Amino acid sequence: MYGLVNKAIQDMVCSGYSEQIWKQIKHKAEVNVDVFLSMESYPDDITHRLVKAASVILSLSSAEIMQAFGEFWVQYTAQEGYGEMMDMSGDTLPEFLENLDNLHARVGVSFPKLQPPSFECTDMEENSLNLHYRSSREGLSPMILGLVKGLGARFDTKVEITQTQTRDEDAECDEFLVIYKPN
Ligand code: 1DX
């Protein structure tokens, strides 16, 4: 994944805990990268090792860390150079979710190593939708819970999200029921 992701993990830990805790996490993860470059691609394994090590050092589950990271990502990218892109992607939670594939397509033009996930909204009602999530990566569904909650905060919208399908023999992709209400 692009370094922006690892940098976001670093900033989340440093702002919520401390630089020293971050150093411990990096050491435990055996990650010897001094500074992550946002626009450089790194092996996914580095990100996974950081999440695992953070879970040990902070005594949180990997799922909890990934969910917190998803929430953090929405505001982090908005303030780290991608605010305009986020602003263009919708004024409401459902609109933003419907535009996510376009957003990733735009990023992918400049950053060809992007492996963008795909999001599809079905069964759209006044206050609910079904979110289908497809990714070349595995194990990231806890992050989706956080990302959608982060979007709820961004749009001042109350959200409940539950996973209704998990990608396995039966289901072709992960699915989430999103219930929302703008304040
Ligand atoms: F609900 O499933 C709200 O590296 C959401 O595979 C979900 O392949 C917002 F560094 C610049 C750059 C670069 C901008 F400069 C990414 F290149 C992307 C900014 C998306 C904002 C996807 C990150 C692929 C890296 C799912 C989890 C990964 C999507 C991460 C969240 C808005 C983003 O993001 C998976 C990669 C951006 C950029 C957004 C993502 C890669 C999301 C969301 N994804 C890189």
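Preceding this section is the structure that the text describes.
Notes on the structure follow. Here the structure is a predicted model, which means the values were calculated and not measured.

Attention shifts here to the pairing of strand β4 (residues 174–182). By the bridge criterion, six bridges tie strand β2 (residues 128–134) to β4 in an arrangement that is antiparallel. Following the sheet pairing, His132 is matched in β4 by Glu175.

Before going further, it helps to examine the packing of aromatic side chains. Using the criterion set out here, one finds six aromatic pairs in the structure. A centroid spacing of 5.9 Å and a plane angle of 45° characterise the contact between Phe69 and Trp73, whose relative ring orientation is tilted. Placement of the pair is Phe69 and Trp73 together in helix α4 (residues 62–79), with a separation of four residues, close to one helical turn. Residue class for Trp73 comes out partly exposed when judged on its relative accessible area of 22%. Taken together, a centroid distance of 5.6 Å and an interplanar angle of 25° make the contact between Phe72 and Tyr76 stacked. Here Phe72 and its partner Tyr76 are both found in helix α4, four residues apart, which amounts to about one turn of the helix. When sorted by exposure, Phe72 lands in the same class as Tyr76, which is buried.

Turning our eyes to something else, we now look at the sheet that holds strand β1 (residues 118–122). One open sheet holds the four strands; their spatial order is β1-β2-β4-β3, and the pairing between them is antiparallel. The strands lining the two open edges of the sheet, one partner per strand, are β1 and β3 (157–165). Adjacent strand axes in the sheet meet at a mean angle of 25° when their direction is disregarded. By the bridge criterion, five bridges tie β1 to β2 in an arrangement that is antiparallel. The residue of β2 that forms the bridge with Glu120 is His132. Contacting β1, β2, β3 and β4, helix α7 (residues 141–154) runs over the sheet at an angle of about 160° to β3.

Rules and cut-offs
- Residues numbered from 1 in each chain as written.
- Predicted model: local features only at pLDDT ≥ 70, side-chain atom pairs only at ≥ 80, totals over all residues.
- Heavy atoms only, no water.
- Pairing = 2+ DSSP bridges.
- Helix = DSSP H or I, 4+ residues; strand = E, 2+ residues; numbered from the N terminus.
- Phe/Tyr/Trp six-rings, centres within 6.5 Å; stacked < 30°, edge-to-face > 60°.
- Buried < 20%, exposed > 50% of the residue type's maximum accessible area, 1.4 Å probe, protein only.
- Axes fitted to C-alpha atoms, helices over the stretch in contact; angles between N-to-C directions.
- Contact = heavy atoms within 4.5 Å.

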